[in-house]
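Structural characterization, general
Read off the chains here:
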Amino acid sequence: MDVPVSKIACRATIIHCLDDPGIDPGSPNMQVIEDGLLVINDGLIESVGPAEVIQPTLEPSVPIKNYREQIIVPGFIDTHVHYPQTDMIASYGEQLLDWLERYTYPTETRFENPDYAREVARFFVAEMQKNGTTTAAAFATTHPGSVDAIFSEAEDAGMRLIAGKVLMDRNCPENLQDTADSGFEDSHALIKKWHNRGRLNYALTPRFAPTSSARQLELTGQLASEFPDVYIQTHLAENRKEIEWVAELFPGHRSYLDVYRHFGLTRKRSIFGHCIYIDDDDRKLLHDTGSAVAFCPTSNLFLGSGMFDLDAASQSGVQVGLGSDVGAGTSFSMLKTMAEAYKVLQLLHQPLPAYRALYLATLGGARALDLDDKVGNLLPGKDADFVVLDTRSTSLIERRTRDAQDLHSKLFALIMLGDERTISATYCFGKQVHGD
Ligand SMILES: [Zn+2]
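For clarity, every value in this text was computed on a predicted model and none was experimentally measured. (Residues numbered from 1 in each chain as written. Predicted model: local features only at pLDDT ≥ 70, side-chain atom pairs only at ≥ 80, totals over all residues.)

With that settled, consider the domain arrangement of the chain. Size of an interface: often given as the accessible area lost when the parts come together. Here the chain is partitioned into domain 1 (8-74 + 376-435) and domain 2 (76-332). Look at where the C-alpha atoms of domain 1 and domain 2 centre, and you get two points 31 Å apart. The partner domain 2 presents 13 residues to the 11 residues of domain 1 that form the contact. Elements with a contribution of two residues or more to the side of domain 1 that touches domain 2: β15 (423-428) and β16 (431-435). The class makeup of the residues in the side of domain 1 that touches domain 2 is 5 nonpolar, 3 polar and 3 charged. (Domains from an automatic or database assignment. Contact = placed C-beta atoms within 7 Å. Helix = DSSP H or I, 4+ residues; strand = E, 2+ residues; numbered from the N terminus. Nonpolar A, V, L, I, M, F, W, Y, C, P; charged D, E, K, R; others polar.)

Set out below in C-alpha coordinates:
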(Lines give C-alpha, C1' and ligand atoms only; values in the text may rest on other atoms or scores of the structure.)
Protein backbone atom coordinates (compact mmCIF):
# COMPACT_ATOMS: atom_id res chain seq x y z
CA MET A 1 0.00 0.00 0.00
CA ASP A 2 1.23 3.48 -0.87
CA VAL A 3 2.06 5.67 2.08
CA PRO A 4 1.88 9.46 1.67
CA VAL A 5 5.31 11.06 2.06
CA SER A 6 3.91 13.25 4.81
CA LYS A 7 3.46 10.22 7.05
CA ILE A 8 6.26 9.64 9.55
CA ALA A 9 6.67 8.20 13.01
CA CYS A 10 8.90 9.35 15.85
CA ARG A 11 10.20 7.02 18.51
CA ALA A 12 11.07 8.49 21.92
CA THR A 13 9.91 8.76 25.47
CA ILE A 14 6.60 10.59 25.20
CA ILE A 15 5.05 12.76 27.92
CA HIS A 16 1.84 14.75 27.55
CA CYS A 17 -1.17 15.85 29.59
CA LEU A 18 -4.70 14.56 29.11
CA ASP A 19 -5.96 17.01 31.73
CA ASP A 20 -4.56 19.13 34.57
CA PRO A 21 -2.44 16.74 36.66
CA GLY A 22 -2.54 19.04 39.69
CA ILE A 23 0.31 18.41 42.08
CA ASP A 24 0.28 14.61 41.85
CA PRO A 25 3.23 13.32 39.77
CA GLY A 26 1.36 10.00 39.50
CA SER A 27 -1.79 11.63 38.17
CA PRO A 28 -3.82 9.58 35.65
CA ASN A 29 -4.16 12.84 33.71
CA MET A 30 -0.62 12.26 32.42
CA GLN A 31 0.26 9.88 29.64
CA VAL A 32 3.89 8.90 30.10
CA ILE A 33 5.29 6.34 27.67
CA GLU A 34 8.86 5.26 28.27
CA ASP A 35 9.38 3.83 24.77
CA GLY A 36 6.70 5.49 22.68
CA LEU A 37 5.82 5.97 19.06
CA LEU A 38 4.10 9.06 17.69
CA VAL A 39 2.63 8.68 14.21
CA ILE A 40 2.04 11.81 12.13
CA ASN A 41 0.02 11.92 8.96
CA ASP A 42 -0.61 15.00 6.83
CA GLY A 43 0.12 17.45 9.63
CA LEU A 44 -2.01 15.72 12.22
CA ILE A 45 -1.33 13.15 14.91
CA GLU A 46 -2.59 9.78 13.77
CA SER A 47 -1.70 7.69 16.80
CA VAL A 48 0.40 7.64 19.94
CA GLY A 49 1.29 4.78 22.25
CA PRO A 50 3.92 2.26 23.26
CA ALA A 51 6.25 1.44 20.34
CA GLU A 52 5.66 -2.29 20.79
CA VAL A 53 1.93 -1.75 20.27
CA ILE A 54 1.96 0.85 17.49
CA GLN A 55 4.90 -0.28 15.38
CA PRO A 56 3.40 -3.61 14.20
CA THR A 57 0.37 -1.70 12.88
CA LEU A 58 2.49 0.65 10.72
CA GLU A 59 3.03 0.16 7.01
CA PRO A 60 6.68 -0.93 6.64
CA SER A 61 7.43 2.00 4.33
CA VAL A 62 6.67 4.65 6.99
CA PRO A 63 9.97 6.23 8.01
CA ILE A 64 10.67 6.12 11.74
CA LYS A 65 12.82 8.82 13.26
CA ASN A 66 14.65 7.50 16.22
CA TYR A 67 14.75 9.91 19.14
CA ARG A 68 15.51 7.31 21.78
CA GLU A 69 17.06 8.71 24.95
CA GLN A 70 15.10 11.86 24.18
CA ILE A 71 11.68 13.07 25.27
CA ILE A 72 8.82 14.21 23.04
CA VAL A 73 6.39 16.69 24.58
CA PRO A 74 3.71 18.83 22.92
CA GLY A 75 4.84 22.11 21.34
CA PHE A 76 4.96 24.93 23.86
CA ILE A 77 2.29 27.62 23.94
CA ASP A 78 3.26 31.18 24.80
CA THR A 79 0.07 32.99 25.77
CA HIS A 80 1.54 36.49 26.05
CA VAL A 81 4.47 37.98 24.15
CA HIS A 82 5.40 41.22 22.37
CA TYR A 83 7.30 40.49 19.17
CA PRO A 84 8.29 44.16 18.60
CA GLN A 85 10.15 44.13 21.90
CA THR A 86 12.66 41.56 20.69
CA ASP A 87 15.39 44.18 20.32
CA MET A 88 14.86 45.63 23.81
CA ILE A 89 14.88 42.45 25.85
CA ALA A 90 17.10 42.74 28.93
CA SER A 91 17.00 46.55 29.19
CA TYR A 92 18.25 47.73 32.55
CA GLY A 93 16.21 49.23 35.37
CA GLU A 94 12.74 50.71 35.84
CA GLN A 95 9.36 49.30 36.75
CA LEU A 96 6.40 49.06 34.41
CA LEU A 97 5.31 52.63 33.69
CA ASP A 98 8.81 54.14 33.44
CA TRP A 99 9.98 51.13 31.48
CA LEU A 100 7.27 51.70 28.88
CA GLU A 101 8.34 55.35 28.48
CA ARG A 102 12.04 54.71 28.44
CA TYR A 103 12.33 51.57 26.34
CA THR A 104 9.06 50.28 24.90
CA TYR A 105 7.70 53.34 23.14
CA PRO A 106 10.97 54.36 21.45
CA THR A 107 11.48 50.76 20.27
CA GLU A 108 7.93 50.35 18.98
CA THR A 109 8.22 53.63 17.02
CA ARG A 110 10.67 51.88 14.70
CA PHE A 111 7.87 49.66 13.39
CA GLU A 112 6.54 52.43 11.17
CA ASN A 113 9.20 51.01 8.82
CA PRO A 114 7.72 47.80 7.34
CA ASP A 115 11.14 46.43 6.37
CA TYR A 116 12.30 46.66 9.97
CA ALA A 117 9.03 45.05 11.12
CA ARG A 118 9.50 42.17 8.70
CA GLU A 119 13.10 41.60 9.73
CA VAL A 120 12.24 41.53 13.47
CA ALA A 121 9.22 39.30 12.80
CA ARG A 122 11.40 36.80 10.93
CA PHE A 123 13.92 36.67 13.76
CA PHE A 124 11.15 36.38 16.35
CA VAL A 125 9.42 33.44 14.65
CA ALA A 126 12.73 31.61 14.20
CA GLU A 127 13.60 32.22 17.85
CA MET A 128 10.22 30.90 18.98
CA GLN A 129 10.63 27.71 16.96
CA LYS A 130 14.21 27.26 18.17
CA ASN A 131 12.81 27.35 21.70
CA GLY A 132 10.06 24.83 20.96
CA THR A 133 7.18 27.32 20.94
CA THR A 134 4.67 26.32 18.27
CA THR A 135 1.72 28.54 19.26
CA ALA A 136 1.81 32.12 20.53
CA ALA A 137 -0.47 35.06 21.29
CA ALA A 138 1.55 38.11 20.32
CA PHE A 139 1.13 41.86 20.49
CA ALA A 140 2.29 43.85 17.45
CA THR A 141 2.52 47.68 17.57
CA THR A 142 0.01 50.37 16.64
CA HIS A 143 1.18 50.15 13.01
CA PRO A 144 -1.01 47.86 10.87
CA GLY A 145 2.13 46.92 8.90
CA SER A 146 3.58 45.36 12.04
CA VAL A 147 0.65 42.94 12.07
CA ASP A 148 1.09 42.05 8.40
CA ALA A 149 4.77 41.38 9.10
CA ILE A 150 4.26 38.93 11.96
CA PHE A 151 1.35 37.08 10.35
CA SER A 152 3.26 36.70 7.07
CA GLU A 153 6.30 35.29 8.83
CA ALA A 154 4.27 32.94 11.03
CA GLU A 155 2.36 31.71 7.98
CA ASP A 156 5.58 31.03 6.07
CA ALA A 157 7.01 29.16 9.06
CA GLY A 158 3.86 27.11 9.72
CA MET A 159 3.49 28.49 13.22
CA ARG A 160 0.11 28.87 14.92
CA LEU A 161 -0.27 32.52 15.84
CA ILE A 162 -2.78 34.86 17.43
CA ALA A 163 -1.80 38.51 16.99
CA GLY A 164 -3.20 42.00 16.73
CA LYS A 165 -2.54 45.67 16.24
CA VAL A 166 -2.03 47.55 19.49
CA LEU A 167 -4.82 50.03 20.18
CA MET A 168 -3.47 53.11 21.92
CA ASP A 169 -5.00 56.56 21.46
CA ARG A 170 -3.72 58.46 24.53
CA ASN A 171 -1.06 58.70 27.24
CA CYS A 172 1.77 57.68 24.96
CA PRO A 173 4.03 59.47 22.43
CA GLU A 174 2.02 61.10 19.66
CA ASN A 175 3.79 59.26 16.86
CA LEU A 176 2.59 55.94 18.31
CA GLN A 177 -1.02 56.98 18.81
CA ASP A 178 -3.91 55.87 16.71
CA THR A 179 -7.37 57.36 17.20
CA ALA A 180 -10.51 55.61 18.35
CA ASP A 181 -11.78 55.67 14.76
CA SER A 182 -8.55 54.72 12.97
CA GLY A 183 -7.93 51.94 15.49
CA PHE A 184 -11.40 50.60 14.78
CA GLU A 185 -11.00 50.81 10.98
CA ASP A 186 -7.52 49.27 10.98
CA SER A 187 -8.54 46.44 13.31
CA HIS A 188 -11.60 45.73 11.21
CA ALA A 189 -9.52 45.51 8.02
CA LEU A 190 -6.90 43.30 9.70
CA ILE A 191 -9.59 40.92 10.98
CA LYS A 192 -10.92 40.57 7.44
CA LYS A 193 -7.42 39.96 6.14
CA TRP A 194 -5.98 37.56 8.71
CA HIS A 195 -8.53 36.07 11.09
CA ASN A 196 -9.01 32.31 10.63
CA ARG A 197 -6.58 32.23 7.71
CA GLY A 198 -4.90 28.83 8.07
CA ARG A 199 -3.40 28.68 11.54
CA LEU A 200 -3.72 32.42 12.18
CA ASN A 201 -6.24 34.21 14.38
CA TYR A 202 -6.74 37.89 15.07
CA ALA A 203 -6.76 39.48 18.53
CA LEU A 204 -8.18 42.89 19.40
CA THR A 205 -5.25 44.32 21.32
CA PRO A 206 -5.74 47.40 23.51
CA ARG A 207 -2.30 47.74 25.18
CA PHE A 208 -3.96 48.40 28.55
CA ALA A 209 -6.73 50.59 29.88
CA PRO A 210 -4.55 53.69 30.58
CA THR A 211 -3.54 54.12 26.93
CA SER A 212 -7.05 53.80 25.49
CA SER A 213 -9.83 56.38 25.76
CA ALA A 214 -13.28 55.24 26.84
CA ARG A 215 -14.35 55.76 23.21
CA GLN A 216 -11.59 53.44 21.96
CA LEU A 217 -12.54 50.71 24.45
CA GLU A 218 -16.18 51.13 23.49
CA LEU A 219 -15.37 50.65 19.79
CA THR A 220 -13.19 47.67 20.65
CA GLY A 221 -16.19 46.15 22.44
CA GLN A 222 -18.25 46.79 19.30
CA LEU A 223 -15.74 44.88 17.17
CA ALA A 224 -15.74 42.10 19.76
CA SER A 225 -19.48 41.68 19.43
CA GLU A 226 -19.38 41.93 15.64
CA PHE A 227 -16.71 39.17 15.55
CA PRO A 228 -17.51 36.78 18.40
CA ASP A 229 -14.67 34.35 17.65
CA VAL A 230 -11.95 37.00 17.49
CA TYR A 231 -9.53 37.07 20.42
CA ILE A 232 -8.99 39.93 22.86
CA GLN A 233 -5.64 40.40 24.57
CA THR A 234 -4.49 43.07 26.99
CA HIS A 235 -2.80 43.64 30.34
CA LEU A 236 -4.45 43.60 33.76
CA ALA A 237 -3.28 44.47 37.27
CA GLU A 238 0.44 44.05 36.75
CA ASN A 239 1.72 46.89 38.90
CA ARG A 240 0.31 48.94 41.79
CA LYS A 241 0.95 52.35 40.21
CA GLU A 242 -0.75 51.15 37.05
CA ILE A 243 -3.82 50.17 39.08
CA GLU A 244 -3.96 53.60 40.80
CA TRP A 245 -3.74 55.24 37.41
CA VAL A 246 -6.63 53.17 36.04
CA ALA A 247 -8.73 54.12 39.08
CA GLU A 248 -8.06 57.83 38.32
CA LEU A 249 -8.79 57.49 34.60
CA PHE A 250 -11.91 55.34 35.00
CA PRO A 251 -13.56 56.39 38.28
CA GLY A 252 -16.55 54.53 39.61
CA HIS A 253 -15.48 51.00 38.68
CA ARG A 254 -15.23 48.28 41.30
CA SER A 255 -11.87 47.13 39.97
CA TYR A 256 -9.50 47.38 37.03
CA LEU A 257 -11.08 44.28 35.50
CA ASP A 258 -14.49 45.91 35.84
CA VAL A 259 -13.35 48.56 33.33
CA TYR A 260 -12.75 45.87 30.71
CA ARG A 261 -16.03 44.16 31.63
CA HIS A 262 -17.90 47.45 31.22
CA PHE A 263 -16.71 47.70 27.61
CA GLY A 264 -17.59 44.11 26.73
CA LEU A 265 -14.02 42.82 26.75
CA THR A 266 -14.38 39.93 29.21
CA ARG A 267 -15.43 36.75 27.46
CA LYS A 268 -14.19 33.47 26.05
CA ARG A 269 -11.03 34.14 24.03
CA SER A 270 -10.11 37.14 26.21
CA ILE A 271 -6.58 36.76 27.58
CA PHE A 272 -5.41 39.01 30.38
CA GLY A 273 -1.68 39.30 30.99
CA HIS A 274 -0.38 39.20 34.59
CA CYS A 275 -3.45 39.52 36.91
CA ILE A 276 -1.22 39.86 39.96
CA TYR A 277 -3.36 42.27 41.97
CA ILE A 278 -6.87 40.90 41.55
CA ASP A 279 -9.33 39.64 44.14
CA ASP A 280 -11.80 36.77 44.36
CA ASP A 281 -14.59 38.78 42.74
CA ASP A 282 -12.32 39.44 39.77
CA ARG A 283 -11.37 35.75 39.60
CA LYS A 284 -15.04 34.82 39.65
CA LEU A 285 -15.72 37.29 36.84
CA LEU A 286 -12.82 35.90 34.80
CA HIS A 287 -14.11 32.39 35.33
CA ASP A 288 -17.77 33.15 34.70
CA THR A 289 -17.00 34.97 31.46
CA GLY A 290 -14.57 32.30 30.20
CA SER A 291 -11.69 34.79 30.21
CA ALA A 292 -8.16 33.47 30.71
CA VAL A 293 -4.97 34.57 32.43
CA ALA A 294 -1.40 34.66 31.10
CA PHE A 295 1.06 34.08 33.96
CA CYS A 296 4.37 35.72 33.00
CA PRO A 297 6.89 34.89 35.72
CA THR A 298 10.17 36.10 34.18
CA SER A 299 8.58 39.46 33.41
CA ASN A 300 6.96 39.78 36.82
CA LEU A 301 10.34 39.23 38.46
CA PHE A 302 12.28 41.39 36.00
CA LEU A 303 10.01 44.45 36.40
CA GLY A 304 9.59 43.80 40.13
CA SER A 305 5.84 43.61 39.54
CA GLY A 306 4.87 40.89 42.01
CA MET A 307 3.88 37.27 42.31
CA PHE A 308 0.95 35.61 40.58
CA ASP A 309 -1.25 33.52 42.88
CA LEU A 310 -1.74 30.34 40.87
CA ASP A 311 -3.58 28.46 43.63
CA ALA A 312 -6.23 31.16 43.94
CA ALA A 313 -6.69 31.20 40.17
CA SER A 314 -6.94 27.41 39.99
CA GLN A 315 -9.44 27.28 42.86
CA SER A 316 -11.67 29.74 41.06
CA GLY A 317 -11.48 27.62 37.91
CA VAL A 318 -9.88 30.31 35.73
CA GLN A 319 -7.84 28.96 32.81
CA VAL A 320 -4.17 29.90 33.15
CA GLY A 321 -1.42 29.68 30.55
CA LEU A 322 2.21 30.74 30.68
CA GLY A 323 3.58 33.77 28.89
CA SER A 324 7.17 34.76 28.18
CA ASP A 325 6.15 38.44 27.92
CA VAL A 326 9.31 39.23 25.96
CA GLY A 327 10.68 41.97 26.11
CA ALA A 328 9.87 42.52 29.83
CA GLY A 329 10.24 38.78 30.10
CA THR A 330 13.85 37.73 29.93
CA SER A 331 13.69 34.61 27.79
CA PHE A 332 11.96 33.16 24.74
CA SER A 333 12.37 29.75 26.36
CA MET A 334 9.25 28.24 27.85
CA LEU A 335 11.54 25.87 29.79
CA LYS A 336 13.03 28.89 31.51
CA THR A 337 9.56 30.38 31.92
CA MET A 338 8.40 27.18 33.66
CA ALA A 339 11.49 27.25 35.89
CA GLU A 340 10.79 30.85 36.95
CA ALA A 341 7.13 30.00 37.54
CA TYR A 342 8.33 27.31 39.92
CA LYS A 343 10.44 29.85 41.83
CA VAL A 344 7.69 32.49 42.03
CA LEU A 345 5.35 29.83 43.40
CA GLN A 346 8.00 28.66 45.87
CA LEU A 347 7.93 32.16 47.37
CA LEU A 348 4.15 31.75 47.79
CA HIS A 349 4.62 28.23 49.23
CA GLN A 350 2.72 26.75 46.30
CA PRO A 351 4.07 23.58 44.69
CA LEU A 352 4.66 23.28 40.94
CA PRO A 353 5.69 19.76 39.97
CA ALA A 354 7.21 19.26 36.52
CA TYR A 355 4.06 17.73 35.07
CA ARG A 356 1.93 20.68 36.15
CA ALA A 357 4.52 23.10 34.74
CA LEU A 358 4.34 21.16 31.47
CA TYR A 359 0.54 21.35 31.65
CA LEU A 360 0.65 25.16 31.98
CA ALA A 361 2.99 25.43 28.98
CA THR A 362 0.95 23.06 26.78
CA LEU A 363 -2.64 21.95 27.43
CA GLY A 364 -3.29 24.71 30.00
CA GLY A 365 -2.13 27.30 27.47
CA ALA A 366 -4.26 25.68 24.77
CA ARG A 367 -7.32 25.86 27.01
CA ALA A 368 -6.56 29.47 27.90
CA LEU A 369 -6.48 30.23 24.16
CA ASP A 370 -9.54 28.09 23.43
CA LEU A 371 -7.43 25.96 21.09
CA ASP A 372 -7.46 22.70 23.04
CA ASP A 373 -9.40 20.96 20.28
CA LYS A 374 -6.38 21.59 18.02
CA VAL A 375 -3.21 21.70 20.14
CA GLY A 376 -1.97 21.21 23.70
CA ASN A 377 -1.39 17.47 23.73
CA LEU A 378 -0.62 14.58 21.41
CA LEU A 379 -4.00 12.93 21.05
CA PRO A 380 -4.96 11.62 17.59
CA GLY A 381 -6.56 14.26 15.39
CA LYS A 382 -4.69 17.19 16.89
CA ASP A 383 -2.13 19.26 15.00
CA ALA A 384 1.26 17.53 15.03
CA ASP A 385 3.00 20.29 17.00
CA PHE A 386 5.68 18.83 19.24
CA VAL A 387 9.23 19.21 20.46
CA VAL A 388 12.05 16.81 21.19
CA LEU A 389 13.92 17.47 24.42
CA ASP A 390 17.50 16.26 24.53
CA THR A 391 18.69 14.89 27.85
CA ARG A 392 22.27 15.21 26.58
CA SER A 393 22.02 18.82 25.46
CA THR A 394 24.56 20.13 27.98
CA SER A 395 27.14 18.28 30.01
CA LEU A 396 25.39 19.27 33.22
CA ILE A 397 21.95 18.13 32.02
CA GLU A 398 23.41 14.86 30.80
CA ARG A 399 25.10 14.29 34.15
CA ARG A 400 22.08 15.32 36.19
CA THR A 401 19.50 13.30 34.23
CA ARG A 402 21.65 10.16 33.87
CA ASP A 403 20.72 8.89 37.29
CA ALA A 404 17.30 10.53 37.68
CA GLN A 405 15.05 8.13 39.61
CA ASP A 406 12.08 8.52 37.31
CA LEU A 407 10.75 10.48 34.35
CA HIS A 408 9.20 13.17 36.50
CA SER A 409 12.57 13.90 38.13
CA LYS A 410 14.24 13.85 34.72
CA LEU A 411 11.75 16.32 33.25
CA PHE A 412 12.03 18.54 36.31
CA ALA A 413 15.81 18.75 35.90
CA LEU A 414 15.38 19.48 32.18
CA ILE A 415 13.00 22.32 33.00
CA MET A 416 15.28 23.81 35.65
CA LEU A 417 18.48 23.52 33.63
CA GLY A 418 17.17 23.69 30.07
CA ASP A 419 17.17 26.40 27.43
CA GLU A 420 17.09 26.45 23.62
CA ARG A 421 19.98 23.98 23.50
CA THR A 422 17.63 21.43 25.07
CA ILE A 423 15.25 21.63 22.11
CA SER A 424 16.77 19.22 19.62
CA ALA A 425 13.84 19.42 17.21
CA THR A 426 10.60 21.36 16.78
CA TYR A 427 7.71 20.22 14.59
CA CYS A 428 4.89 22.48 13.44
CA PHE A 429 1.91 20.80 11.80
CA GLY A 430 3.95 17.66 11.17
CA LYS A 431 6.85 19.49 9.57
CA GLN A 432 10.22 19.75 11.22
CA VAL A 433 11.00 23.46 11.49
CA HIS A 434 14.02 23.32 13.75
CA GLY A 435 16.81 20.86 14.48
CA ASP A 436 18.94 18.48 12.43
ZN1 LIG B 1 2.93 42.25 28.06
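Further notes follow.
This part covers the sheet that holds strand β4 (residues 64-74). Pairing in this open sheet of 7 strands is mixed, and the strands run β3-β2-β1-β4-β14-β15-β16 from one edge to the other. Whereas interior strands pair on both sides, the edge strands pair on one side only; in this sheet they are β3 (44-50) and β16. Adjacent strand axes in the sheet meet at a mean angle of 35 degrees when their direction is disregarded. Pairing geometry for strand β14 (residues 386-390) and β15, over 4 bridges, is antiparallel. Among the inter-strand pairings, Leu389 is bridged to a residue of β15, identified as Ile423. (Pairing = 2+ DSSP bridges. Axes fitted to C-alpha atoms, helices over the stretch in contact; angles between N-to-C directions.)

Turning next to the environment of Phe139. Mapped onto the elements, Phe139 comes out in strand β6 (residues 133-139). The class of Phe139 is buried, set by 26 C-beta atoms lying within 10 Å. Dropping the residues within four chain positions of it, Phe139 is found in contact with His82, Val166, Thr205 and Gln233. (Buried ≥ 20, exposed ≤ 12 C-beta atoms within 10 Å, placed from the backbone.)

So, on to the packing of helix α15 (residues 395-402) against helix α16 (residues 407-417). Axis angle and axis distance: for two packed helices, these are the angle between their axes and the distance between the axes, and together they describe the pair. Axis separation between α15 and α16 bottoms out at 9 Å; the angle between their running directions is 160 degrees. Classified by the angle their axes make, α15 and α16 are roughly antiparallel. Our pair here, α15 against α16, has a crossing hand that is right-handed. On α16, the residues that touch Leu396, Ile397, Arg400 and Thr401 of α15 are Lys410, Ala413, Leu414 and Leu417. Taken together, the residues of the contact of α15 with α16 break down into 5 nonpolar, 1 polar and 2 charged. (Parallel < 35°, antiparallel > 145°, perpendicular 65-115°, else oblique. Left-handed = near helix turned anticlockwise from the far one by under 90°.)

Another aspect to go through is the pairing of β14. For β14, the tally of buried residues reaches 5 of 5 residues, placing the bulk of the element in the interior. Alternating residues of β14 divide into Phe386, Val388 and Asp390 and Val387 and Leu389, and every residue in both groups is buried.

It is worth spelling out the packing of helix α13 (residues 354-361) against α16 at this point. In the contact formed by α13 and α16, the axes pass within 8 Å of each other and the chain directions differ by 60 degrees. Put simply, α13 runs oblique to α16. Each of Ala354, Tyr355, Ala357 and Leu358 in α13 lies in contact with α16, whose residues at this interface are His408, Leu411, Phe412 and Ile415. Residues of the contact of α13 with α16, tallied by class, amount to 7 nonpolar, 1 polar and no charged.

Helix length check: helix α12 (residues 334-347) (14 residues) gives 20 Å between terminal C-alpha atoms against 20 Å at 1.5 Å per residue, within 8%. Counting buried residues in α12 gives 11 out of 14 residues, a clear majority hidden from the surface. Listed as buried for α12 are Met334, Leu335, Lys336, Thr337, Met338, Ala339, Glu340, Ala341, Tyr342, Val344 and Leu345. Just downstream of α12 lies His349, where phi reads positive at about 60 degrees. (Expected span 1.5 Å × (residues − 1).)

Attention now goes to the pairing of strand β9 (residues 200-206). Of all the 7 residues making up β9, 6 are buried; the element is thus mostly covered by neighbouring parts of the structure. Pairing of strand β7 (residues 160-164) with β9, which is carried by 3 bridges, proceeds in the parallel orientation. Opposite Leu161, over in β9, you have Leu200 as the bridge partner. Pairing of strand β8 (residues 166-167) with β9, which is carried by 2 bridges, proceeds in the parallel orientation. Looking at the pairing, Val166 lines up with Thr205 of β9. Each parallel crossover has a hand, and for β8 linked through helix α5 (residues 180-194) to β9 it is right-handed. Here 2 bridges tie β9 to strand β10 (residues 231-236), and the two strands are oriented parallel to one another. Paired with Ala203 across the strands is Tyr231, a residue of β10. Since β9 and β10 lie parallel, the crossover through helix α6 (residues 214-226) that links them has a hand, and here it is right-handed. (Right-handed = clockwise from strand over helix to strand, strands pointing away.)

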